[in-house]
Amino acid sequence: MSEEKDLIYCPQCGSANPSTFRFCSNCGVKLEQQKETSAMQAQDTEPLQVQPETPVYERADAEVVSEGKVPLTQDEININYGAEEEGTYSSGNSVAPNTQYYSASSSSSVVSSKTSTGGNSGFAIGSMICGIISILCCCLTWVSLILAIAAIVLGIIALKYQYDGRGMAIAGIVTGGIGIFIWLIVLLVAGSGFFTSLVEEFSNM
Amino acid sequence: MKKDTVFYRIGQCILIPFILFGLWFARTGYDSYHSLLACTFYAVTGFPCPGCGGTRAFYYLFRGELLKSIEYHPVVFYGVLAGAHFMVLYFYRKHFHGKNAEEEIQIPIYFYLAIAVILLQWIVKILVILL
């Protein structure tokens, strides 16, 4: 019974809030006017049941916070935990240590559609190393070409799946491109020289 | 495992074989096999490729002629310096500076500088031939 007297029931969503709260921790509605009346009504009326699993706050970028917890603004946090709470919390930290605005447990469903995968920096490192070796081994034309292609492929994979080492992936793609460019020059010049000698041979026949 | 730890382990594994190979190459390997590494790009275009001079730089490095090594291809000497710097820095951080042991050495910087050295020396060599 004494617990019901210490609670305020939100007039909008019906969730129970500590009597010291001025704003509902679920929907953010102001609770001040309801302090006196809800304490009297709590004994007679049944509080609205709020399903903790119901997502009540849905972010624009597809992040869903469940368990009925809504992140309050800093001003609301400061108002809820005002002067009467100074003895309990430090002045610079107005958030109760046991209050969870984001459910960090495994049962929470926080979904983000734009989360980068991270990790796997091996692709970026491999891309850059292949690219460097490809431009150093221009003497070995076909080895240089294979390494350049590998550098570009690994770099594109690292960028596409947002792995770690974005700069290294870009460096690998650039050096791989230089390796392919050098290979093309060799092919064109050597090919044109071969073609020219072939024409001369036919003309001398 | 952190990236710098992986590279440190690789460095530990290849350090001695690298030195032994370099000494062998400088004494006998270069005279026997250097003709196989003729540059196709130079043979076709008359201009050096970004890797031209690397073999000779490696050869002169292990013969002790550092200036010649830098002249033929500075990235070989830079690579040895960078590798030594990284190994010493990692060892120092791990065993003598516990506070900084958690910070990872920024390995990509070594590679970015290597790319810059390779491209810069290539441009300089081409300009020297043109001018």
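I will try to describe carefully the structure that is included in this document. (Residues numbered from 1 in each chain as written. Chains lettered and ligands numbered in written order. Predicted model: local features only at pLDDT ≥ 70, side-chain atom pairs only at ≥ 80, totals over all residues.)

**Brief notes about the overall build of chain A**
A count of helices and strands for chain A gives six helices and four strands. Shown N-terminal to C-terminal, the secondary structure of chain A runs as helices and strands in the order α-β-β-α-β-β-α-α-α-α. By residue count, 26% of the 205 residues in chain A fall in the buried class. The long-range share in chain A, meaning contacts at least 24 apart out of those at least 6 apart in sequence, stands at 60%. (Helix = DSSP H or I, 4+ residues; strand = E, 2+ residues; numbered from the N terminus. Buried ≥ 20, exposed ≤ 12 C-beta atoms within 10 Å, placed from the backbone. Contact = placed C-beta atoms within 7 Å.)

**Quick look at the overall build of chain B**
Regarding its fold elements, chain B presents six helices and zero strands. Reading chain B from its N end, one meets helices and strands in the order α-α-α-α-α-α. Each of the 131 residues in chain B was classed as buried or not, and the buried ones make up 23%. For chain B, long-range pairs separated by at least 24 residues make up 53% of all intrachain contacts whose partners lie at least 6 apart in sequence.

**Structural notes on the nonpolar core**
Residues A:Ala124, A:Cys138, A:Ala151 and A:Ile182 are the most contacted members of the largest nonpolar core, which totals 48 residues. Looking at this core, the elements with two or more residues in it are helix H4 (122–136), helix H5 (141–160) and helix H6 (166–204) of chain A together with helix H3 (54–61), helix H5 (74–95) and helix H6 (107–130) of chain B. In this structure A:Ala124 touches A:Ala158, A:Tyr163, A:Asp164, A:Gly165, A:Met168, A:Ala169 and A:Gly172, once residues within four positions along its chain are discounted. Grouped together as the second largest cluster of nonpolar side chains are eight residues, A:Tyr9, A:Cys10, A:Ala16 and A:Leu31 included. (Core = buried A, V, L, I, M, F, W, Y, C linked by C-beta atoms within 7 Å.)

**Description of the interface of chain B and chain A**
Chain B puts 18 residues into the contact, and the matching count from chain A is 19 residues. Counting residues per element, the ones that place at least two in the side of chain B that touches chain A are helix H2 (40–45) and H6 of chain B. When residues of the side of chain B that touches chain A are assigned to their parent elements, the largest contribution, six residues, is made by H6(B).

**Description of H5(A)**
Residues and elements named next belong to chain A. Compared with an ideal rise of 1.5 Å per residue, which puts 20 residues at 28 Å, H5 spans 29 Å between its outermost C-alpha atoms and is within 8% of the ideal. Taken together, the buried positions of H5 are occupied by Ser144, Leu145, Leu147, Ala148, Ala150, Ala151, Ile152, Leu154, Gly155 and Ala158. Looking one or two residues past H5, Gln162 carries a phi angle of roughly 55 degrees, positive in sign. (Expected span 1.5 Å × (residues − 1).)

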